[in-house]
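# What the coordinates show
In case you want the letters, here they are:
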2 protein chains.
Amino acid sequence: MRPRNAAATRQALLEAARDRFTRAGYEGTTLRDVAADAGVNLALIKRYFGSKEGLFKAALAASPRLLTDVPSDRAAFAEALSRQLSADTWPEFGEHPVLMLLRASGDESVTARRREALEGAAQRIVDALGPAPDALLRAELLVALGVGVAVLRSAVGVEPLSEATADDLTGPLRAIVDALMPS
Amino acid sequence: MRPRNAAATRQALLEAARDRFTRAGYEGTTLRDVAADAGVNLALIKRYFGSKEGLFKAALAASPRLLTDVPSDRAAFAEALSRQLSADTWPEFGEHPVLMLLRASGDESVTARRREALEGAAQRIVDALGPAPDALLRAELLVALGVGVAVLRSAVGVEPLSEATADDLTGPLRAIVDALMPS
DNA sequence: GGGGCGTGTCAACAGCTGATGACTTAGACT
DNA sequence: AGTCTAAGTCATCAGCTGTTGACACGCCCC
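No experiment lies behind these values; they were computed from the predicted model shown.

Once that is clear, we can look at the interface of chain A and chain B. The interface of chain A with chain B comprises 35 residues on the first partner and 35 residues on the second. Between chain A and chain B, the buried area comes to about 3000 Å², and carbon and sulfur atoms account for 77% of it. Along the contact surface separating chain A from chain B lie 0 salt bridges. At the surface where chain A touches chain B, the tally comes to 6 residue pairs in polar contact (both at pLDDT 80 or more). Taken together, the elements giving at least two residues each to the side of chain A that touches chain B come down to α1 (6–28), α7 (108–129), α8 (135–156) and α9 (166–180) of chain A. No other element matches α8(A), which puts 15 residues into the side of chain A that touches chain B. Residues belonging to the side of chain A that touches chain B are distributed by class as follows: 24 nonpolar, 3 polar and 8 charged.

Quick look at the structure:
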């Protein structure tokens, strides 16, 4: 029998769920897969998380938040952005964390949270880089760029974008930031 | 019984499949849903498309290709790009066509086709807007931007980006294009 | 050392899903 | 009218999925 350690079991389930949901999406992930990855009995998912939806929400809540601190210096911002898009920044993830958000279930509370997370990131960019006409729309274009890069790198595997390092991205991103949010 | 018209039945199935796959993804779509939407018996899917995977590939093959003609004039390109991102450009689609590509199954031939489609779009941008160091990487950033905008507008519903018209997008996109692909 | 509780195991069910083969019927052609 | 084929219908199957209740076991405290 598995050693009795509720916290470790819960954590193993969360990590397995994070990987599966991120890679295969909500519908494409089965609870038996998650339980097997975690080396845990299927029934324990119900005990700890109640349901598949509960497991997904818990895994989502445990995932890192993006663009929490936006530097007001444009060069520093471009660098921070390219770092958050780099795979090396998320060594414990097989794919970029934002993919789990995009591959979520259709559950209303999840889609609402997703929209708020992305709109919030755009708002933080506006707050840091200063107001302007269309500033929010332009900041959302930056968020869209980040989402698109994450998808193309992590889920699609487009070359040479997938193999680009954070340093490779900083230059072009800096040019975009300067063009979109003029001082 | 349904009037006997193989071509119309096939077409109805294709359109229903396109809608379902685009909105709910491959795993989230059931063949019974598609058949019901098309007003067609479930067994006809097997007759006309062989399997669920066959139906998906047929629906994918019938979807429009993006960025087929890239104007070499930067202003015209920015305008073409913003038009392709506008919902009005795809009145027969509920969501942006590229979402079906992203929400595909894990089938190898589909993921390969997806990568080729996106890399091809980037290559066409390079061909039109001229070579430069990093030109392909920068073009792929433009493709990533397009994918991200489609996702945020159509699947997530981020405001104000979702409500922006093609004209609203042209200005900012022009700035990005100029910054990324300097003459 | 014996309850009692938290932890893990097991077996099963009800519903759905993709797939399939046998059957029926419309419509063209002779 | 008779026949043949394409088109559509029907019932059903085997497998998987999420969920669940009953059970077994280890560990702590009195």
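Still to come is the rest of the account.
Attention now moves to the nonpolar core. One finds A:I125 and B:I125 to be the most contacted residues of the largest nonpolar core, which totals 76 residues. Excluding its chain neighbours within four sequence positions, the residues that come into contact with B:I125 are B:L67, B:V70, B:F77, B:G130, B:A139, B:L142, B:V143 and B:M181.

Once chain A is rotated about the relating axis by 180° and shifted along it by 0.0 Å, it coincides with chain B to within an RMSD of 0.0 Å. Look at the turn and shift together and you get a two-fold axis relating the two. A shared binding surface is used by both copies, with 100% of the interface residues of chain A retained as interface residues in chain B.

As a further point, take the packing of aromatic side chains. Scanning the entire structure with this criterion turns up 8 aromatic pairs over all chains. Aromatic side chains B:Y26 and B:F56 sit 5.5 Å apart centroid to centroid with 85° between the ring planes, which places their arrangement in the edge-to-face category. Here B:Y26, found in helix α1 (residues 6–28), pairs with B:F56, found in helix α4 (residues 52–61); they are 30 residues apart in sequence, far enough to count as distant. An identical accessibility class is assigned to B:Y26 and B:F56; each is buried. Ring centres 6.4 Å apart and planes at 80° place the aromatic pair B:W90 and B:F93 in the edge-to-face group. Take B:W90: its relative accessible area is 10%, and that puts it in the buried class. Above the face of the A:F93 ring, A:R18 is positioned so that its terminal group lies 4.3 Å from the ring centre.

Attention now goes to the pattern of salt bridges. Within the structure shown, the criterion is met by 12 salt bridges over all chains. Note that A:D178 is salt-bridged to A:R174, the shortest N-O span being 3.1 Å. Taken together, the residues A:D178 and A:R174, both in helix α9 and 4 residues apart, mark about one turn of the helix. Between B:D19 and B:R18 there is a salt bridge; the shortest N-O distance is 3.6 Å. Assessed through its relative accessible area of 26%, B:D19 is described here as partly exposed. A relative accessible area of 14% means that B:R18 is categorised as buried.

What counts and how
Residues numbered from 1 in each chain as written. Chains lettered and ligands numbered in written order. Predicted model: local features only at pLDDT ≥ 70, side-chain atom pairs only at ≥ 80, totals over all residues. Heavy atoms only, no water. Contact = heavy atoms within 4.5 Å. Buried area = accessible area lost by both parts, 1.4 Å probe. Salt bridge = Lys/Arg side-chain N within 4 Å of Asp/Glu carboxyl O. Polar contact = N/O pair within 3.5 Å; in protein donor to acceptor, adjacent residues only side chain to side chain. Helix = DSSP H or I, 4+ residues; strand = E, 2+ residues; numbered from the N terminus. Nonpolar A, V, L, I, M, F, W, Y, C, P; charged D, E, K, R; others polar. Core = buried A, V, L, I, M, F, W, Y, C linked by side-chain atoms within 4.5 Å. Buried < 20%, exposed > 50% of the residue type's maximum accessible area, 1.4 Å probe, protein only. Least-squares fit on C-alpha atoms with pLDDT ≥ 70 in both. Phe/Tyr/Trp six-rings, centres within 6.5 Å; stacked < 30°, edge-to-face > 60°. Lys NZ or Arg CZ within 6 Å of the ring centre and 35° of its normal.

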